[in-house]
Amino acid sequence: MSGPVNVVVPEGILRSYAGTYGPRRITWEGGFLYYQRGEGTKMRMIPMTEDLFRFEEIEYFRLKIVRQDGKVTGVEGRY
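The rules behind the values
- Residues numbered from 1 in each chain as written.
- Predicted model: local features only at pLDDT ≥ 70, side-chain atom pairs only at ≥ 80, totals over all residues.
- Heavy atoms only, no water.
- Pairing = 2+ DSSP bridges.
- Helix = DSSP H or I, 4+ residues; strand = E, 2+ residues; numbered from the N terminus.
- Core = buried A, V, L, I, M, F, W, Y, C linked by side-chain atoms within 4.5 Å.
- Buried < 20%, exposed > 50% of the residue type's maximum accessible area, 1.4 Å probe, protein only.
- Contact = heavy atoms within 4.5 Å.
- pLDDT = per-residue confidence, 0-100.

Turning next to the sheet that holds strand S4 (residues 43–44). Strand pairs in the sheet, formed through backbone hydrogen bonds, run parallel or antiparallel to each other. As summarised here, the arrangement of the four strands in space is S1-S2-S3-S4, forming an open sheet in which the pairing is antiparallel. Across the chains shown, the open sheet's two edge strands, defined by having one partner strand only, are strand S1 (19–21) and S4. Bridge count between strand S2 (residues 24–29) and strand S3 (residues 32–37): six bridges; the pairing is antiparallel. Across the sheet, residue Glu29 finds its bridge partner in S3, namely Phe32.

Laid out in structure tokens, this is it:
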């Protein structure tokens, strides 16, 4: 059995996800997206699909980018 497959998402799409969503913050740094909740650990977001991400630090957690009419409106944590 192989590990998770990473997909390539265009940089422009990834950059469009940067922002603050309540206590959650997504930043674009050095060619990667990073996720941070409050004062918690900043973790690199690893794309699984164009709008679903995983993290090396928390294997059971996924972050879904929520869009409405093509615009990012929030994020949704999935366990």
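Resuming the write-up.
On to the nonpolar core. In this structure, Ile26, Tyr35, Met45, Leu63 and Ile65 are the most contacted members of the largest nonpolar core, which totals 16 residues. Within the residue set of this core, elements represented by two or more residues are S3, strand S7 (62–68) and strand S8 (71–78). Not counting chain neighbours up to four residues away, the residues in contact with Leu63 comprise Ile26, Tyr35, Met45, Asp51, Leu52, Phe53, Phe55, Val75, Glu76 and Gly77.

Moving on to the confidence of the model for the chain. For the chain, per-residue confidence averages 93 on the pLDDT scale, and residues scoring 70 or more make up 92% of the total. The element-level mean pLDDT for the chain is lowest in S8, coming to 94, with S4 highest at 98.

All right, on to the sheet that holds S8 then. The sheet built from four strands is open, its strands ordered S5-S6-S7-S8 with antiparallel pairing. Either end of the sheet is taken by a strand with one partner, and the two such strands are strand S5 (46–47) and S8. Sheet topology places S5 next to strand S6 (residues 52–54); two bridges connect them, and they run antiparallel. In the strand pairing of S6, Ile46 is matched with Arg54.

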